[in-house]
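Residues per chain are reported as follows:
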Amino acid sequence: MSKTIRIGTRDSELALWQAHTVQKKLNGLGYKTEIIAVKSQGDIILDKPLYELGITGIFTKTLDIAMINGQVDIAVHSMKDVPTALPIGIVQAAVLERANTVDLLIHKGNLDFLNSYGTIATGSLRRQAQWLHKYPNHKVVDLRGNVNTRMQKLQDNEWNGAVFAAAGLERINLKPDTYINLDWMIPAPAQGAMMVVAMADDAFSLEALSELNHVETEICTYIERQFLRTLEGGCTAPIGALASYNENTDEIHFQGALFSIDGKQKLVVERKYDISEWKKLGFNAAKEILENGGTELMAEIKTQLKK
Ligand SMILES: NCc1[nH]cc(CCC(=O)O)c1CC(=O)O
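Just so we're clear, the structure is a prediction, and the values are computed from it rather than from any experiment.

**Things to note about the sheet that holds strand S10 (residues 194-199)**
- One open sheet holds the 5 strands; their spatial order is S2-S1-S3-S10-S4, and the pairing between them is mixed. Of all strands in the sheet, those bounded by a partner on one side alone are strand S2 (32-37) and strand S4 (90-95). The sheet shows a mean angle of 30 degrees between the axes of neighbouring strands, taken without regard to direction.
- Where strand S1 (residues 4-9) lies against strand S3 (residues 74-78), 2 bridges are found, and the strand directions are parallel. Paired with Gly8 across the bridge in S3 is Ala75.
- The sheet strands contacting helix H3 (residues 61-68) are S1, S3, S4 and S10, and the helix crosses S3 at an angle near 170 degrees.

**Thoughts on the site of the ligand**
- Among the 15 residues in the neighbourhood of the ligand, the closest are listed as Lys80, Asp81, Arg127, Ala165 and Gly192.
- The separation between an oxygen atom of the ligand and a polar main-chain atom of Ala165 is 2.9 Å.
- Gly192 is positioned with one of its backbone polar atoms (N or O) 3.1 Å from an oxygen atom of the ligand.
- Relative to its free-state accessible area of 390 Å², the ligand is covered by the protein chains to the extent of 91%.
- Contributing elements (two or more residues each) for the shell around the ligand: helix H5 (147-156), strand S8 (161-165) and helix H6 (166-171).
- Here the shell around the ligand spans two domains, since at least three of its residues come from each of domain 1 (4-96 + 193-213) and domain 2 (103-181).

**Thoughts on unusual backbone geometry**
- Of note in this structure, Asn173 is not a glycine but carries a positive phi near 55 degrees.
- Tracing the backbone through its elements, the reader meets Asn173 in the loop between H6 and strand S9 (180-182).
- With relative accessibility at 70%, the residue Asn173 sits in the exposed group.
- For Asp250, which is not a glycine, the phi torsion comes out positive at approximately 55 degrees.
- In this structure, Asp250 sits in the loop between strand S11 (239-246) and strand S12 (251-259).
- Residue class for Asp250 comes out partly exposed when judged on its relative accessible area of 33%.

**Here we look at the pattern of salt bridges**
- Summed over the entire model, instances satisfying the criterion amount to 11 salt bridges.
- Here Glu224 makes a salt bridge to Arg98, at a shortest N to O gap of 2.8 Å. Here Arg98 lies in the loop between S4 and strand S5 (103-107) and Glu224 lies in helix H8 (residues 215-230), a separation of 126 residues in the sequence. Arg98 carries the same exposure label as Glu224, and that label is buried.
- Where salt bridges share partners, they join Lys3, Arg6, Asp73 and Asp202 into one cluster.

**Overview of helix H9 (residues 278-306)**
- With 29 residues, H9 extends just 34 Å between its outermost C-alpha atoms, more than 12% less than the 42 Å of an ideal straight helix rising 1.5 Å per residue.
- Approximately 80 degrees is the largest bend angle found in H9, and it occurs at Gly293.
- Among the residues of H9, Leu281, Gly282, Ala285, Ala286, Ile289, Leu290, Gly294, Leu297, Met298 and Ile301 are the ones counted as buried.

**Looking at the environment of Ile88**
- One can find Ile88 in the loop between S3 and S4.
- The exposure class assigned to Ile88 is exposed, which follows from its relative accessible area of 55%.
- It is 31 Å that separates the C-alpha atoms of Ile88 and Ile186, two residues lying 98 residues apart in sequence.

**Quick word on the nonpolar core**
- In terms of nonpolar packing, the biggest core is built from 27 residues, with Phe227, Ile239, Ile252, Phe254 and Leu258 touching the most fellow members.
- Elements represented by at least two residues in this core include exactly H8, S11, S12, strand S13 (266-274) and H9.
- Membership of the second largest hydrophobic core comes to 17 residues, among which are Tyr31, Ala93, Ala94 and Ala198.

**Considerations on the domain arrangement of the protein chain**
- For the protein chain, the assigned domains are domain 1 (4-96 + 193-213), domain 2 (103-181) and domain 3 (228-306).
- Placing the centre of domain 1 and that of domain 2 at their C-alpha centroids yields a distance of 30 Å.
- Every contact between the two is made by 8 residues of domain 1 and, on the other side, 9 residues of domain 2.
- Here domain 1 meets domain 2 over a buried area of about 660 Å², counting both sides, of which 55% is carbon and sulfur.
- On the surface where domain 1 and domain 2 come into contact, there are 0 salt bridges.
- On the surface where domain 1 and domain 2 come into contact, there are 3 residue pairs in polar contact (both at pLDDT 80 or more).

Calculation notes
- Residues numbered from 1 in each chain as written.
- Predicted model: local features only at pLDDT ≥ 70, side-chain atom pairs only at ≥ 80, totals over all residues.
- Heavy atoms only, no water.
- Pairing = 2+ DSSP bridges.
- Helix = DSSP H or I, 4+ residues; strand = E, 2+ residues; numbered from the N terminus.
- Axes fitted to C-alpha atoms, helices over the stretch in contact; angles between N-to-C directions.
- Contact = heavy atoms within 4.5 Å.
- Near = heavy atom within 4 Å.
- Polar contact = N/O pair within 3.5 Å; in protein donor to acceptor, adjacent residues only side chain to side chain.
- Areas by Shrake-Rupley, 256 points an atom, 1.4 Å probe, with all protein chains shown as cover.
- Domains from an automatic or database assignment.
- Buried < 20%, exposed > 50% of the residue type's maximum accessible area, 1.4 Å probe, protein only.
- Salt bridge = Lys/Arg side-chain N within 4 Å of Asp/Glu carboxyl O.
- Expected span 1.5 Å × (residues − 1).
- Bend = angle between axes of the 7 residues up to and from the residue.
- Core = buried A, V, L, I, M, F, W, Y, C linked by side-chain atoms within 4.5 Å.
- Buried area = accessible area lost by both parts, 1.4 Å probe.

Structure (structure tokens):
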């Protein structure tokens, strides 16, 4: 175990917490590690354009480049931010045990607005669509930035509340004492899970990371991301999916939905599947959505997103 594993991460507080979590696990297994926070795109000294390498995701692109450039050995991501197709030469090496999957409403003042008019902030089309589906009289405003920035913007504005992933707030101790569990909202595919990637030809890192993999989380997020990929939705599409395993019945409970951006339309699949069906479950559920109006709705969404 002589080689030091260089762990790449973005430099937000949440990303650094996630990277330190992986570092502690690897150190506990006897590996030497170093965390390298990659702040910017850096020099793209690739011999091919990004699209030829399949480098796409806005949250992951910088780290993909750092890996391909040999600046870091592995990278730690919030799995829901990782495009369903990884760049050429980069592979999923571990999925850590999942944290809380729910979305939370962090609100200011009382909750009377829920029964009348209100303004909610989120940068997620998935959250926006589901909120408007449930509260068609409300207004949703855009909210960008890392978790810390978004919490500050909420305090600085007159909005009634904002939506956050519980996992993000809990990991960096930003969850306030009062909040609403949005258990009716279907989370983003792989929400609450952390993915570690490595180079396909880096046997040392792959071996080290194999011991961090949590199989149940790997299978459930595989199903959710297969659903997303089959719908051809990127990380920003108004698509939610959650697969959970019941060890008593050896079944997967899956719910997946595609929403119109304004929340007026909802196409949903929700049922229990025998665990033996897991490999094609996400694909089959997405096909059911596509065959029942999803193809037309996805075309409409893609046109709207191009505007
Ligand atoms: N790009 C936002 C993002 N990516 C991962 C998390 C939270 C942690 C997780 O869901 O794993 C968040 C914050 C949020 O959705 O509020």
